[in-house]
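Close look at the chain arrangement
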Amino acid sequence: MKSPADKPQNNAYEICSLCGRNCGTKRQTDQRGFCGESSELRIASASIHKGEEPPITGMGGSGTIFITGCTLRCSFCQNYQISHQGMGLIVSPVEFASICMELESQGAENINIVTGSHAVPAIVEGLKAARHRGLMIPALWNSSAYESVEAIEAASEHLAVYLPDLKTLDSEISARYFKAPDYPEVASRAILRMAELREIRFGPCRNNKKAEAEREGKAMINPDPELPEILESGVIVRHLVLPDRMDSTRKVIEWFARNLNGRALLSVMMQYTPVSAGPTPDGKDPHTEAPPSSRFVDEREYETVLGMLEDFDISDGFYQELVPSDDWLPDFERENPFSSELSIPIWHWKTGFIA
């Protein structure tokens, strides 16, 4: 009897329609679509990440796996080394499963799959292999939301939490800065389907000693009432605020209030950083546009966004404090792409598992 890792990959790569481009590329051959990837899964980094939203980070950190390639070309992408320049190493479903198992053994609260929209079939095979080996923690889908509903449904039984971006609902902005004029339609449709698939449910962190004691029928002396919980099921919609684009942010917040308030959580991110992505491996600049701004979000814009949340009566979710800095930017050439305060490296495309 074959294990899940021995099964052939899904034939969705034969005529690819995984993302909104619906390019029909035959990725099981030598052809490459906009994402730049074949049917083989490539990974850049895996780590215990401590900088996600509280119910994602929990007490043990989130087990992030950064997938090489992307369905967008954001002109200010912080991860351009892997999304634009192709930094990463091919892994099999068995190797992917081993990475998941190591993240779990190091205390990760979940498996957080970052930018995997173009690699759904291979990721599903990897998750199947990991479950076959006993993986217990939930899997999260951390994406741009520029993906087909069919791709979301194909992976849904293997995913517990969705972390989609809703970058903009302005097609001019998405065409100019993301190279995807239809992003608003594709992303909003995908996010609504995610919310239909997963209702919000919280549970105890893996490292919650109070929960462990209760499971063993014991009581704790002076238990901490503020112990965090993790999101076991549901959707967190993320929106990155762009300087000088307050109308775009208002549209997103209004859309969320109208369609998802009470059904999902909203995470408003203030970390826009004026990054100019480097050239692709063939030496060509992937952009015709510079980043939308050369500055960080300012105090006036920050206060304006907080006022929007109040105007639309959105209280379930998160917003970042305003700390204009590029200190947190990753460098995927390093074994630990992030600072040691943010991340514990587990696997890297250059070295494999990190002792």
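Just above, that's the structure.
Right, let's walk through the structure included here.

Thresholds, definitions, all that
What you see as residue numbers is a count from 1 along each chain, following the sequence as written. Owing to the predicted nature of the model, reporting of local features is limited to residues with pLDDT of at least 70; listing and counting of side-chain atom pairs is limited to 80 or more, with chain, interface and lining totals taken over all residues. To get the side-chain values, take all heavy atoms of the structure and skip hydrogens and water. In the sections that follow, a salt bridge refers to a side-chain nitrogen of Lys or Arg positioned within 4 Å of a carboxyl oxygen of Asp or Glu. Three exposure classes are used, based on accessible area relative to the maximum for each residue type with a 1.4 Å probe and protein chains only: buried under 20%, partly exposed in between, and exposed over 50%. A helix here means a DSSP run of H or I that spans at least four residues, while a strand means a run of E at least two residues long, and both kinds are numbered starting from the N terminus. In this scheme Phe, Tyr and Trp rings, the latter by its six-membered ring, pair at centre separations within 6.5 Å, and the angle between planes marks the pair as stacked below 30 degrees, edge-to-face above 60, and tilted otherwise. Put simply, a charge is over a ring when the Lys NZ or the Arg CZ is close to the ring centre, within 6 Å, and near the line of the ring normal, within 35 degrees.

As a working rule, side chains carrying opposite charge can pair if their charged atoms are close by. One pass over the full model with this rule turns up 15 salt bridges. For Glu 37, the salt bridge identified is with Arg 42, shortest N-O distance 2.7 Å. Overall, Glu 37 belongs to the buried group, its relative accessible area being 5%. Across the pair Asp 165 and Lys 167 runs a salt bridge, and its minimum N-O distance is 3.2 Å. Like Lys 167, Asp 165 is buried.

Phi is positive for Ala 145, which is not a glycine, with a value near 75°. Looking at the element boundaries, Ala 145 is found in the loop between strand 5 (139–143) and helix 5 (149–155). Phi is positive for Lys 179, close to 60°, though the residue is something other than glycine. Residue placement: Lys 179 occurs in the loop between helix 6 (171–178) and helix 7 (183–197).

Now for the packing of aromatic side chains. Following the criterion strictly, the structure yields eight aromatic pairs and no others. Seen in terms of ring centroids, Phe 66 and Phe 332 are 5.2 Å apart; in terms of plane orientation they differ by 65°. Their pairing is edge-to-face. Of this pair, Phe 66 sits in strand 2 (residues 62–67) while Phe 332 sits in the loop between strand 10 (317–319) and strand 11 (343–348); the two residues are 266 residues apart in sequence, bridging distant segments of the chain. Among the residues examined, Phe 66 registers a relative accessible area of 6% and is labelled buried. Judged by its relative accessible area of 0%, Phe 332 falls in the buried class. Cation over ring: Lys 167 sits above Phe 178, and NZ or CZ is 5.7 Å from the ring centre.

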